[in-house]
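Chain and residue survey
Chain residues, written in single-letter form:
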Amino acid sequence: MKILEIENLSKSYESKLEVVSDCSFSIESGNICAIVGESGSGKSTLFRLIAGLERPEKGSIKVKEKIVSNDKFIVAPKNRNVGLVFQDFSLFPHMTVKENIEFGLVKNKNKKVEELLKIIRMENFLNRYPHELSGGQQQRVSLARSLALDPSLLLLDEPFSNLDTELKSKLRKDVRTIIKDIGTSSIFITHDILDALDIADEIIFMDNGKIIRQCKIEDIFKDVKNEKLLKSITELKSNSDLILNALKNK
Amino acid sequence: MIRICTILLSFLIITSCRNDENINNKAEEENKKSESLTLYTHRHYDSDKMIFKKFEEQTGIKINVVKANADELIQKMELEADQSPADLLITVDAGRLVRAKNKNLLQAANSELLSKVVPQHLKDSENYWYGLTKRARVIVYSKEKVNPEELTTYEDLINEKWRNKLLIRSSNNIYNQSLMASIISNNGKDSAKLWANGIVKNFARSPKGNDRDQVKAILAGEGEIGIINTYYLGKLLNSKDSSEIAAGESVGVFFPNQNDRGTHINISGIGVAKHSLNKDNAVKFIEYLVTKEVQEVFAKANYEYPVNPEAITSDLLKSWGEFKEDKLSLTKLGELNKEAVIIFDEVKWL
Amino acid sequence: MVLKIKHLKRDFNKSSLLIVIISLLLAIPVFAILISLFKGTGEMWEHITSYFLIDYIQNSIILLLGSGIICFVIGTSSAWVVSRYKFKGRKIIEWLLFMPLAIPSYIVAYSYVGLFGYGGSFIKFINYLGFNNIDNIEMMNIYGLVWVLSFSLYPYVYASTRLIFQSYPTRLKDTASLLGASKNKYFFKIALPLASPAIIGGLFLVFMEVLNDYGAAKYYGINTFTTGIFRTWTALEDLQSSIYLSAILVVLVFVLVLIVKWLRGRRSYNLKTYNSNDQDEIYRKDLKGLKKIIFLTIVFVPILFGFLFPFLQLIIWGLQTFESMFNSDLLNIGIQTLFLGLSTSIIIVFLATSLIYLSKWNYLKQLNVTSKLATLGYVIPGAIIGIGVIKSSHSITEYFSTYHNIKIGYIIYNSILVLIYAYVFRFIAVAFNSIESNTLKLSKSLSESSNLLGFGKIKTFFKIDFPLIKNALLTSFILVFIDVIKELPLTLILKPYNLSTLAIKAYEYAEDERVAEAALPALFLIFIIGSMISVVNYRFKLNKS
């Protein structure tokens, strides 16, 4: 089953250039997909369109083979069963960890919160406020909050960009385990190809609002003809490697 | 959440109650229309309130008062048209009454008593309005520096001997506009302009402040003579502030033009609204206001000159002496008001 | 304007409909005024342009520039001192710095003459000290007016700037000093520019108040654009031209608004107050030595000239007239004022919040322009709004009496509804701007997270936005409340006969040259506003701990 199908999707702001331009792709259920691209390439807007936070000019979006957005009608974000973890985590500052996680729940609140806290290993932080948590902790709470509703599709916006390198590789594994355990499909945005290589099943490259390549992670270096793409992949990889090595040697 | 709901709910209740209350009030008022009078007035004196209250006690007719500037009240009546709640309009100058009459907002109120009591020159020729009280615009002079024998007429104030000695307020003030209108009416437009020009030349300072401030400036020596309304001098002399009393006492009152047309006066006056449903009561009210008793209250509490010749003026007014007043038809003041302002602008009398 | 509506059917929702309806209802007076503009200028137009328009505009510009500069300097410097330094009595100083707002500026103008004019209280005092050669400090000129207006209006700049200064994270300062910036450089190159949107917002309110001032300018004999509008209307008997003049004023202000928008738009700094770890208590430094004296002077001078001096004079007058003025009538009027202010402010804050959120929820962004129409009221002189409102209600009553033969005129013209409607039109911009700038500070992703977690817009508002902006709502409520109970020209024209307010009472006496009698109602007004401001201060304190 396809969890997400996008056809000819376009979006522009205030009649400027199109930020997302005629994108089409689909993702198999149960997969983790990475969207890689430079900043400003339209990744975040694509996410917002999928979540229903923006309205497309053109094109359609199907989630679980049901149309959620086209020219004629649009399903509100709350009815899409899509989860989104924002880059800034967006924890409600006036609510505790517990209140944040149970925010969207209607029944079985305590049980579910307990379960999720166990998964993110933060059982002792129940009554803390967001500003009393570290960045990594905030992210996990935010993840748990989205997972509480059992979304059929989970979107993660730059999930690792705000974290330091040490934590990062450990957390990548964590995130993959959590997502795979729960069995939800997921897409995440990153500008670091290492993230993608580490946890994604497939990968989509975006540039200037267009999708330039979609492939399985194994096939990533096959048939790369686009010079810009090749350059950016190798550069990204060597950059990350350099930094990692430097840190390790230290 | 519950708290928010309660707040919103109570807010809704409050507003809706408020509306009901209003509509009920109005409905009641509709029934009582004949037992109340709605007064649009520019006068805001505490003494008036007592006078109205006494009328309510005597007749059982309730007086509703809307106080605002005459211009705004006239505008309001004009827009409200035939559905205006106003029964009577009171202004503090004749010009506005003339304007209201010209805009067809008043109606004639004929009454034998009124024709007898109110002198001809203090009312409308067709009885659309009547004067209630008089205010004289006089020259005040520094008792210390000025010999009153040097003073004669308004016209003489442009004499060079008063260069940099004359104090008067801004031309935005209606009393100055009326004075100017009377000069135009008496001397013609051209000589009025010459006069205004001469006055501007003699200014001790750029026009500012109110009538009281002109008197204070005389005491302080900024100027030697000023043009003010008598009733503000009355207020000054009865102030609670010793320095204000001192200022009031430092000046003498001179009634100009006693040998020709007389001192310029203005009135506070009243007219019956065109669309009043209670004309009879309204006339009854005007008649009450010109009775000797009420007129004496005006004179005593507010230092205004009564229009009813039988009324005895207060001791203070008596101390300034009897004077001959300009019998110019007050209608003229209203008609020439605009022309007066145009001249003010032309000679840059701020 | 490019009106490109692609998916009208898909994107049109209840919010779109509501925003148009509410905006248009609120903007009725604008249309009434616009329609009369088509009738052209009045007969006195030529006289106006050839004799006084230029002078009046010149005076207005001097007033705007002068008070703009002074308000900027004292507003920002005092805000800086109270939000960055520790000293005894800081809490009280913070409160007192707001207090000039409590006194209507025309009352301040009168009390300055009462203090420094001939026989003034201050003059008597220095004569008593032995300086006998001074009998008058001339206030009644354009510089005096600039002075009076500046010191009674700077709190607008102070209030908005203080909030921003207090929201600066400590690390901002640390970063700057690590980069080698001196304290002065930090203030002028970082702190001040970062606050510029707030400063501009505050200055804008100052400008509006200056343009709307009538009483103070008239008393001081200074002719401004606004006095010109009145002179044209009342003395030259040309309403048409005066509406035209107001229209010019509105256009000028509109240009000002666009400039403000442009300045703001290019510098909308995102100082996220809620989302980071920066919420640690603001670090305030101790003051010592010469610096202490200078900085305390900076906060004390505005309080002295803006509040203490006029307040003192009002107390003197109040005592003189206490016997005759203090009675149950005054108390009654005070209660009426309070009630009118509270209910009107609740309605205004409610409507402003609705407009802001409806335009967020509406996807046809082009329609949001209509909400700008609704906030035009703040720039139109009160008396002209009065005419607009009466004209509009006149059309409504006309309609009813011609088509339904129901005469609702008596009800309309004598009810409080018209007055409240006019207040809403006049002051919704105040609430709108202050609430909007605070909602902009909220990260968009917060409410979006809530949407994604299954909550609709309204529930999201009550669960997420409301708790986070309630302080801002309270602040704007107070601002509106203060404006409403100080308001004069509209209240005078539109109030029903059985209503009076303290501001009106004070005005009636002042107008009749009995300023001393005006003192007690004015003091009552100050008391109400003062306690309102303390309530806000108290709440903020509670929320912090």
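Residues numbered from 1 in each chain as written. Chains lettered and ligands numbered in written order. Predicted model: local features only at pLDDT ≥ 70, side-chain atom pairs only at ≥ 80, totals over all residues. Heavy atoms only, no water.

1. A few points about the overall build of chain A
Selection criterion: Put simply, DSSP marks the helices as runs of H or I at least four residues long and the strands as runs of E at least two long, and each gets a number from the N terminus on. For every residue, the accessible area obtained with a 1.4 Å probe (protein chains only) is divided by the maximum for its type, and the residue is called buried under 20%, exposed over 50%, and partly exposed between those limits. The contact criterion used is simple: two residues touch if any of their non-hydrogen atoms lie within 4.5 Å.
Helix and strand counts for chain A stand at seven helices and ten strands. The buried share of chain A, reckoned over its 250 residues, is 54%. Nonlocal contacts in chain A, meaning residues at least 24 apart in sequence, comprise 66% of its contacts between residues at least 6 apart.

2. Some words on the interface of chain C and chain B
Quick note on the threshold: Here, a salt bridge means any side-chain nitrogen of Lys or Arg that lies within 4 Å of a carboxyl oxygen of Asp or Glu. N or O atoms within 3.5 Å of each other form a polar contact, as long as, within protein, one can give a hydrogen and the other can take it, and as long as residues adjacent in sequence are counted only when both atoms are side-chain atoms. For this classification, Asp, Glu, Lys and Arg are treated as charged, while Ala, Val, Leu, Ile, Met, Phe, Trp, Tyr, Cys and Pro are nonpolar and the rest, including Gly, are polar.
The interface is formed by 66 residues belonging to chain C together with 73 residues belonging to chain B. Run the count over chain C and chain B and you get eleven salt bridges. Along the contact surface separating chain C from chain B lie 26 residue pairs in polar contact (both at pLDDT 80 or more). When residues of the side of chain C that touches chain B are assigned to their parent elements, the largest contribution, six residues, is made by helix H21 (residues 382–403) of chain C. Looking at the side of chain C that touches chain B residue by residue, the class counts come to 34 nonpolar, 15 polar and 17 charged.

3. Digging into a positive patch on the surface
Put simply, the rule reads: For patch detection, residues must exceed 30% relative accessible area and be free of salt bridges, and they are connected within 9 Å for like charges or within 5 Å for nonpolar side chains (Val, Leu, Ile, Met, Phe, Trp, Tyr). Areas reported here follow the Shrake-Rupley algorithm with a probe of radius 1.4 Å; residue values treat only the protein chains shown as occluding. Only four residue types enter the charge count: Lys and Arg as positive, Asp and Glu as negative, with His and the chain ends excluded. Working definition for charges: the position is that of NZ of Lys, CZ of Arg, CG of Asp or CD of Glu.
Side chains of A:Lys78, A:Lys109, C:Lys459 and C:Lys463 sit close together on the surface and give a patch of like positive charge. For C:Lys459, the position within the fold is in helix H25 (residues 457–486).

4. Regarding the domain arrangement of chain B
Residue and element names in this part refer to chain B. Put simply, the test is: Domain delimitation in this document rests on an assignment produced automatically or drawn from a domain database. Here's the idea: put two parts together, see how much 1.4 Å probe accessible area each one loses, and the total over both is what we call buried area.
On domain assignment, one finds that chain B holds domain 1 (33–133 + 266–312) and domain 2 (135–264 + 324–347). Taken together, the contact between domain 1 and domain 2 spans 21 residues of the former and 23 residues of the latter. Interface of domain 1 and domain 2: buried area, both sides summed, is about 1,800 Å²; carbon and sulfur atoms make up 55% of it. When residues of domain 1 are sorted by the area they lose upon contact with domain 2, His121, Asn266 and Tyr303 head the list and together hold 42% of the total. Applying the counting criterion to the domain 1 and domain 2 interface returns one salt bridge. At the surface where domain 1 touches domain 2, the tally comes to eight residue pairs in polar contact (both at pLDDT 80 or more). Every element with two or more residues in the side of domain 1 that touches domain 2 is listed here: helix H4 (94–102), strand E5 (129–142) and strand E9 (265–273). If one sorts the elements of the side of domain 1 that touches domain 2 by residue count, H4 sits on top with five residues. Along the lines of polarity and charge, the residues of the side of domain 1 that touches domain 2 split into nine nonpolar, six polar and six charged.

5. Here we look at the interface of chain A and chain C
Of the residues lining the interface, 33 residues belong to chain A; the matching set on chain C comes to 29 residues. When the two sides are added together, the surface that chain A and chain C hide from each other amounts to roughly 2,600 Å², 59% of it contributed by carbon and sulfur. Three residues stand out in chain A for area buried against chain C, namely A:Arg55, A:Lys78 and A:Phe103, and they jointly supply 24% of the buried area on that side. Along the contact surface separating chain A from chain C lie one salt bridge. In this structure, the salt-bridge partner of A:Arg48 is C:Glu448, at a minimum N-O distance of 2.4 Å. At the junction of chain A and chain C, the tally comes to seven residue pairs in polar contact (both at pLDDT 80 or more). For the side of chain A that touches chain C, the elements supplying multiple residues, two or more each, are helix H1 (43–51), strand E6 (82–85) and helix H4 (135–147) of chain A.

6. Focus: the pairing of strand E1 (residues 2–12) of chain A
All names here are of chain A. The test is simple: At least two DSSP bridges between two strands are required for those strands to pair.
Counting buried positions over the eleven residues of E1 gives eight, a clear majority of the element. Bridge count between E1 and strand E2 (residues 18–28): seven bridges; the pairing is antiparallel. Across the sheet, residue Lys2 finds its bridge partner in E2, namely Glu28. The pairing of E1 with strand E4 (residues 58–63) spans five bridges and is classified as antiparallel. Note that in E4 the partner of Leu4 across the bridge is Val63.

7. Comments concerning the arrangement of the chains
Between all two pairs of chains that are in contact, chains B and C come out with the most contacts. What separates chain A from chain B at the closest point of their C-alpha atoms is a distance of 14 Å, and the two make no contact.

8. Some details on the pattern of salt bridges
Using the criterion set out here, one finds 47 salt bridges over all chains in the structure. When the shortest N-O distance is used, the salt bridge between A:Asp201 and A:Arg176 registers 3.5 Å. Within this pair, whereas A:Asp201 is found in the loop between helix H6 (193–199) and strand E9 (202–207), its partner A:Arg176 is found in helix H5 (residues 165–182), the two being separated by 25 residues in sequence. Given a relative accessible area of 17%, A:Asp201 falls into the buried group. One network of salt bridges, with partners in common, ties together A:Lys11, A:Arg48, A:Glu54 and C:Glu448.

9. Concerning the nonpolar core
Using the following cut-off: Residues enter a nonpolar core if they are buried and are Ala, Val, Leu, Ile, Met, Phe, Trp, Tyr or Cys, with the set joined through side-chain atoms within 4.5 Å.
With 299 residues, the main nonpolar core has B:Phe285 and C:Tyr220 as its most contacted residues. When residues are assigned to domains, this core turns out to be shared by domain 1 (33–133 + 266–312) and domain 2 (135–264 + 324–347) of chain B, each giving three or more. Once residues within four sequence positions are removed from consideration, C:Tyr220 is found in contact with B:Lys208, C:Ala109, C:Tyr112, C:Val113, C:Met139, C:Met140, C:Asn141, C:Gly144, C:Leu145 and C:Val148.

10. Here's the deal with the packing of aromatic side chains
Let me state the cut-off plainly: In this analysis, rings of Phe, Tyr and Trp, with Trp reduced to its six-membered ring, are considered paired at centre separations within 6.5 Å, and the interplanar angle assigns stacked below 30 degrees, edge-to-face beyond 60, and tilted for intermediate values.
The final tally for this structure, using the stated rule, is 45 aromatic pairs over all chains. On the basis of an interplanar angle of 50 degrees and a centroid distance of 5.7 Å, the ring pair of B:Phe52 and B:Phe285 is categorised as tilted. On the criterion of sequence distance, the pair formed by B:Phe52 in helix H2 (residues 46–59) and B:Phe285 in helix H11 (residues 279–289) is long-range, its members being 233 residues apart. Residue class for B:Phe285 comes out buried when judged on its relative accessible area of 0%. Clustering of aromatic rings is evident, with ring pairs tying together C:Tyr112, C:Phe116, C:Phe122, C:Trp147, C:Phe151, C:Phe305 and C:Phe309.

11. As for a nonpolar patch on the surface
There is a patch of nonpolar side chains on the surface, built from C:Phe125, C:Tyr128, C:Leu129, C:Phe131, C:Ile134 and C:Ile137 and spanning about 640 Å² of accessible area. As for its position among the elements, C:Leu129 is in the loop between helix H8 (121–128) and helix H9 (142–153).

12. Considerations on the side chain of A:Lys112
Residues and elements named next belong to chain A. Relative to the elements of secondary structure, Lys112 occurs in helix H3 (residues 109–119). Using a relative accessible area of 18% as the deciding quantity, one classes Lys112 as buried. For Lys112, the side chain forms a polar contact with the side chain of Asp150, separated by 3.2 Å. Residues in contact with Lys112, not counting those within four places in the same chain, are Leu105, Ala148 and Asp150.

13. Examining empty space enclosed by the protein
This is how it is decided: Cavities and pockets were defined on a 1 Å grid built from protein atoms only: a cavity is a group of points that admits a 1.4 Å probe but offers it no way out, a pocket is an open group of points flanked by protein on both sides within 12 Å along at least five of seven lines, and a lining residue is one with an atom within 4 Å of any such point. Grid points are joined across faces, edges and corners, and a volume is the space filled by probe spheres set on the points.
On inspection of all chains with the given rule, the structure shows ten cavities of 30 Å³ or more. In this structure, the second largest cavity occupies an estimated 120 Å³ of space. Considering the residues around the second largest cavity, the lining is formed by B:Arg205, B:Asp213, B:Lys216, C:Val113, C:Phe116, C:Gly117, C:Tyr118, C:Asn136, C:Ile137, C:Glu138, C:Met139 and C:Met140. Of the residues in the lining of the second largest cavity, the class split is six nonpolar, two polar and four charged.

14. Quick word on helix H3 (residues 28–37) of chain C
Spelled out, the test is: This arc describes the spread of directions from the helix axis toward the C-beta atoms.
Looking only at H3(C), the buried set comprises C:Pro29, C:Val30, C:Ala32, C:Ile33, C:Ser36 and C:Leu37. When H3(C) is viewed along its axis, its buried side chains cluster within an angular range of 160 degrees and face the same direction.

15. Things to note about the packing of helix H5 (residues 53–84) of chain C against helix H17 (residues 289–320) of chain C
Residues and elements named next belong to chain C. Short version of the rule: Only the stretch in contact is used when a helix axis is fitted, and all axes are lines through C-alpha atoms; the angle between N-to-C directions ranges over 0 to 180 degrees. Working rule for angles: under 35 degrees goes down as roughly parallel, over 145 as roughly antiparallel, 65 to 115 as roughly perpendicular, anything else as oblique. In this scheme the handedness of a crossing depends on how the near helix is turned from the far one: anticlockwise by less than a right angle means left-handed, clockwise means right-handed.
As a packed pair, H5 and H17 sit with axes 9 Å apart at the nearest point and diverge in direction by 125 degrees. The angle between the axes of H5 and H17 places the two elements in the oblique class. For the pair H5 and H17, the crossing hand works out as left-handed. Residues Ile74, Ser77, Ser78, Val81 and Val82 of H5 pack against Phe295, Ile298, Val299 and Pro302 of H17. When grouped by side-chain class, the residues that make up the contact of H5 with H17 number seven nonpolar, two polar and no charged.

16. Some remarks on the sheet that holds E1(A)
Residue and element names in this part refer to chain A. With antiparallel pairing, four strands are arranged side by side in an open sheet as E2-E1-E4-E5. With partners counted over all chains shown, the strands left at the sheet margins are E2 and strand E5 (66–69), one partner each. Taken pair by pair, the neighbouring strands of this sheet meet at an average axis angle of 25 degrees, ignoring direction. Contacts between H1 and the sheet are confined to E1, E2 and E4, with E1 contributing the most and set at about 120 degrees to the helix.

17. Digging into the sheet that holds strand E3 (residues 32–36) of chain A
Residue and element names in this part refer to chain A. Judged by pairing direction, the sheet is mixed, and its six strands sit side by side in the order E6-E7-E8-E3-E9-E10 without closing on themselves. Strands at the two margins of the open sheet, each flanked by one partner only, are E6 and strand E10 (210–216). Along the sheet, successive strands turn relative to each other by an average axial angle of 20 degrees, direction set aside. Sheet analysis places E9 next to E10, joined by six bridges and oriented antiparallel. Paired with Asp207 across the strands is Lys210, a residue of E10. Of the strands in this sheet, E3, E6, strand E7 (153–156), strand E8 (185–190) and E9 are in contact with H1, which crosses E8 at around 150 degrees.

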